[in-house]
Amino acid sequence: QARFAVVGQPIDHSLSPHIHRAFARQWSVDLDYGRIELAPSALASGIARFAESGGVGLNVTLPHKQAVMALCAGLSERARRAGAVNTLSYVDGGWHGDNTDGVGLVNDLSQRRGIDLRARRTLLLGAGGAACGVAPALLDAGIGELVVCNRSPERADALVDALAAPERAHSRYWRDLPDLAHFDLVVNATSAGRGIEPLTLPFHLAGAQTVAVDLSYGRAAIDFLAWARAAGCGQAFDGLGMLVEQAAESFFLWQGVRPETDAVYADLRRLAD
Ligand code: ATR
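These figures come from a predicted structure and were not determined experimentally.

Trainee: Give me the lowdown on the packing of helix α4 (residues 101–112) against helix α5 (residues 129–140), citing residues and values where you can.
Mentor: The N-to-C vectors of α4 and α5 enclose an angle of 55°; their axes lie 7 Å apart at closest approach. Taken together, the axes of α4 and α5 lie oblique to each other. Crossing geometry of α4 relative to α5 is assigned as right-handed. Taking contact as the criterion, the partners of D101, G102, V103, L105 and V106 in α4 are, on α5, G133, V134, P136, A137 and L138. Looking at side-chain class alone, the contact of α4 with α5 contains 7 nonpolar, 2 polar and 1 charged residues.

Shown next, in the form of structure tokens:
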């Protein structure tokens, strides 16, 4: 039985085991998929131990997506561009890091929701690990202008510099929000919903044509989805669809086959609501 797990802190509520077991049933793959809680100081030793015990694949979640890059013997192009890793495969005695978050978000929006992302003027809120993970894939999906807006200016500038697309990607700062108007896509990649300080956004950022998506789900997405409703966004989603799609892409990397995601998503939606 091949061993897989998701590693993070906290990890108790991770839905990844549920999703991967459902995918495995579809393809009659015999796998063991668990949860491993590791503090940042125990990341390297914990991952090494997992490999020694026969582990062949890991999903990596908060707060380790950036730190784990240093433990990789190799990185995919999209992991390098994202500056973050969410999928590890044990190959030839070393970990290979990839990032399926960006393609997960794009597949959720374009395939599941049928949204044409091309030329959409996009506001990306946040410039931390989550934002870095999805920004390159959004550009690749053909969105129009990408405005990265972050509370601390340095991180917004660093993300935009790393994207190396000066004609399409621009940084603005939280204090500029009142002066920004009307986006076709607003992506919340801040961790505001997980913290104590609430997320406050002006309403004129969005309108009836706007698609709003939070990368979080559950309680962490409540503030942003309430803003999206109040701002009159035509469509608003949490990150549950992205979660299923990034998992599907990881499953494909490990097993070489693509799982069907609609039924798994519907099942999770029922559990989450
Ligand atoms: P993650 O891996 O979830 O992205 P992170 O790297 O700690 O976590 O990044 C958190 C992001 O949420 C940052 O962009 C942070 O802004 P700063 O860089 O200025 O810290 C943003 N953030 C957190 N709380 C916020 C709040 N209340 N309002 C606006 N942005 C917030």
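Trainee: I'd like to hear about the pairing of strand β9 (residues 169–173), residue by residue, with values.
Mentor: Relative to β9, strand β8 (residues 146–150) runs parallel, the two being bridged by 5 bridges. Paired with N150 across the two strands is Y173, which belongs to β9. For the handedness criterion, the β-α-β arrangement of β8, helix α6 (residues 153–163) and β9 is classed as right-handed.

Trainee: An account of the domain arrangement of the chain is requested, with residue identities and associated values reported.
Mentor: Entries for the chain in the domain assignment read domain 1 (2–99 + 241–272) and domain 2 (102–238). Taking only C-alpha atoms, the centre of domain 1 and the centre of domain 2 are 24 Å apart. Taken together, the 16 residues of domain 1 in the interface contact 16 residues of domain 2. Looking at which element gives the most residues to the side of domain 1 that touches domain 2, the answer is helix α8 (residues 240–255), with 6 residues. Split into classes, the residues belonging to the side of domain 1 that touches domain 2 amount to 5 nonpolar, 6 polar and 5 charged.

Trainee: Tell me about the environment of A24, and name the residues and values.
Mentor: One can find A24 in helix α1 (residues 16–26). On the neighbour-count criterion, A24 (19 C-beta atoms within 10 Å) is partly exposed. The spatial distance from the C-alpha of A24 to the C-alpha of Q255 is 9.2 Å, given a sequence separation of 231 residues. Excluding residues within four positions of it along the chain, A24 makes contact with V29 and L31.

How each quantity is defined
Per chain, the residues get numbers from 1 upward, laid out in the order the sequence is written. Two thresholds apply to this predicted model, a pLDDT of at least 70 for residue-level local features and 80 or more for giving and counting side-chain atom pairs, whereas whole-chain, interface and lining totals are computed over all residues. A fitted line through C-alpha atoms represents every axis, and for helices the fit uses only the stretch in contact; the resulting angles, taken between N-to-C directions, go from 0 to 180 degrees. The helix count covers DSSP runs of H or I at least four residues long, the strand count covers runs of E at least two residues long, and both are numbered beginning at the N terminus. An angle below 35 degrees is treated as roughly parallel, one above 145 as roughly antiparallel, one from 65 to 115 as roughly perpendicular, and anything else as oblique. Crossing chirality is assigned from the near helix's rotation relative to the far helix, an anticlockwise turn below a right angle marking it left-handed and a clockwise turn marking it right-handed. The contact criterion used is a C-beta to C-beta distance within 7 Å, with each C-beta placed from the backbone. Residue polarity is assigned by list, with Asp, Glu, Lys and Arg as charged and Ala, Val, Leu, Ile, Met, Phe, Trp, Tyr, Cys and Pro as nonpolar; anything else, Gly included, falls into the polar class. One requirement defines pairing of two strands: DSSP has to find at least two bridges between them. By convention, a crossover is right-handed whenever its connection, traced from the first strand over the helix to the second and viewed with the strands pointing away, goes clockwise. The split into domains, and so the bounds of each, comes from an automatic or database assignment of domains. Whether a residue is buried, exposed or partly exposed follows from its count of other C-beta atoms within 10 Å of its own C-beta, namely 20 or more, 12 or fewer, or something in between, respectively; the C-beta atoms are built from the backbone.

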